[in-house]
Amino acid sequence: MSLHDDAVLVLKGYEDQEELRQIYLDHLSAHPDGMWKSCHAGHLTASALVIDPSRGRVLLTLHRKLRMWLQMGGHCEPGDATLARAALREAHEESGITGLTLLPGGPVTLDRHAIPAPCHWHLDVQYAALAPAGAVPAISDESIDLRWFAYDEVAEAADTSVVRLLEATLARL
């Protein structure tokens, strides 16, 4: 099964955000290359909010290019077999934490946001990744900083899309 096929199945099984979910499915139907950065009409991305429920905190990255506190995530790569694995790979690469596991139940939220040309849209499929006890993050080349934030600190540091992702993650926990 291709990554494109996996994305269609994941989205068909996702039961929230019906209008946005349909935009993603329509995009994939119209663009066989809609999983890849080279698709200038927009492309799916995969991200994961790294969460430590035992300590009531989340790990955010201060993104090098965007200069914003965000969840870990990015573009799908040819070696990614599934969206879930792409999100987990991105979370590991950007956090430096080994032993992350995705919160069961598939994606937590979807977030569509405009990006600069030549592409126009990121259609982000957002998961949550559980950090193992004692996890120690390490900054990657894509980050300026990594920091644990208490749940109630996230709204002060990050934008509304991250806050929505955290709220949806906590509801699933």
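Residues numbered from 1 in each chain as written. Predicted model: local features only at pLDDT ≥ 70, side-chain atom pairs only at ≥ 80, totals over all residues. Heavy atoms only, no water.

1. Things to note about the overall build of the protein chain
For clarity, the cut-off: Comment: elements are numbered from the N terminus, with helices defined as DSSP H or I runs of at least four residues and strands as E runs of at least two. In this analysis, two residues are considered to be in contact whenever any of their non-hydrogen atoms come within 4.5 Å of each other. Surface accessibility in these figures is a Shrake-Rupley result with a 1.4 Å probe; residues are shielded only by whichever protein chains are displayed. Counted charges follow a simple rule, with Lys and Arg positive, Asp and Glu negative, and His plus the chain ends left uncounted. Charge positions are represented by NZ for Lys, CZ for Arg, CG for Asp and CD for Glu.
In terms of helices and strands, the protein chain carries 5 helices and 8 strands. Reading the protein chain from its N terminus to its C terminus gives the helix and strand order α-α-β-β-β-β-α-β-β-β-β-α-α. Judged by the C-alpha coordinates and their principal axes, the protein chain covers about 45 × 30 × 30 Å. Taking all contacts inside the protein chain whose residues are at least 6 apart in sequence as the whole, residues at least 24 apart take part in 66%. Only carbon and sulfur atoms are counted for the fraction: they give 55% of the accessible area of the protein chain, which is about 8500 Å². With 14 positive and 24 negative side-chain charges, the protein chain shows a separation of 3 Å between the mean positions of the two kinds.

2. Considering the nonpolar core
The condition is simple: In this text, buried Ala, Val, Leu, Ile, Met, Phe, Trp, Tyr and Cys residues form a nonpolar core when linked through side-chain atoms within 4.5 Å. Relative accessibility under 20% of the residue-type maximum defines a buried residue, over 50% an exposed one, and the middle range a partly exposed one, all with a 1.4 Å probe and only protein chains included.
One finds Y24, M35, L44, V50 and L83 to be the most contacted residues of the largest nonpolar core, which totals 33 residues. Within the residue set of this core, elements represented by two or more residues are α1 (3-13), α2 (18-30), β1 (43-52), α3 (83-95), β7 (121-130) and β8 (143-150). Considering every element that reaches this core, the biggest residue donor is α1, with 5 residues. If sequence neighbours within four positions are ignored, M35 has contacts with L3, H4, A7, L28, H43, L44, C76 and L83. Grouped together as the second largest cluster of nonpolar side chains are 17 residues, V58, L103, F149 and V162 included.

3. Digging into the packing of α1 against α2
What counts, and what does not: Axes, fitted as lines to C-alpha atoms, cover a helix only where it is in contact. Angles between the N-to-C directions of the axes lie from 0 to 180 degrees. Working definition: roughly parallel below 35 degrees, roughly antiparallel above 145 degrees, roughly perpendicular at 65 to 115 degrees, and oblique for all remaining angles. Note on convention: the crossing is left-handed when the near helix lies turned anticlockwise from the far helix by less than a right angle, right-handed when the turn is clockwise. In this classification, Asp, Glu, Lys and Arg are treated as charged, Ala, Val, Leu, Ile, Met, Phe, Trp, Tyr, Cys and Pro as nonpolar, and every other residue, Gly included, as polar.
The interhelical angle for the contact between α1 and α2, taken along N-to-C directions, is 155°, at an axis separation of 10 Å. In terms of orientation, α1 and α2 fall into the roughly antiparallel class. The two elements α1 and α2 cross, and the hand of that crossing is left-handed. Seen from α1, the contacting residues are H4, A7, V8, L11 and K12; seen from α2, they are R21, Y24, L25 and L28. When the residues that make up the contact of α1 with α2 are grouped by side-chain class, the tally is 6 nonpolar, 1 polar and 2 charged.

4. A few points about α1
The set of residues buried in α1 consists of L3, H4, D6, A7, V8, V10 and L11. Contact partners of the buried residues in α1: α2, β1, α3, β6 (109-114) and β7.

5. So, the packing of aromatic side chains
As a reminder, the rule being used: In this scheme Phe, Tyr and Trp rings, the latter by its six-membered ring, pair at centre separations within 6.5 Å, and the angle between planes marks the pair as stacked below 30 degrees, edge-to-face above 60, and tilted otherwise. For a Lys NZ or an Arg CZ to count as sitting over a ring, it must be within 6 Å of the ring centre and within 35 degrees of the ring normal.
Tallied over the entire structure, the rule returns 1 aromatic pair. When the centroid spacing of 5.0 Å and the interplanar angle of 75° are considered together, the rings of W69 and F149 count as edge-to-face. Of this pair, W69 sits in strand β3 (residues 69-70) while F149 is found in strand β8, placing the two residues 80 residues apart along the sequence. Looking at W69, the relative accessible area reads 13%, which means it is buried. Taking relative accessible area as the criterion, F149 reaches 3% and is therefore assigned buried. Lying over the aromatic face of W148, R57 brings its terminal NZ or CZ to 4.0 Å of the ring centre. It is R112 that lies over the ring of W121; its NZ or CZ is 3.6 Å from the centre.

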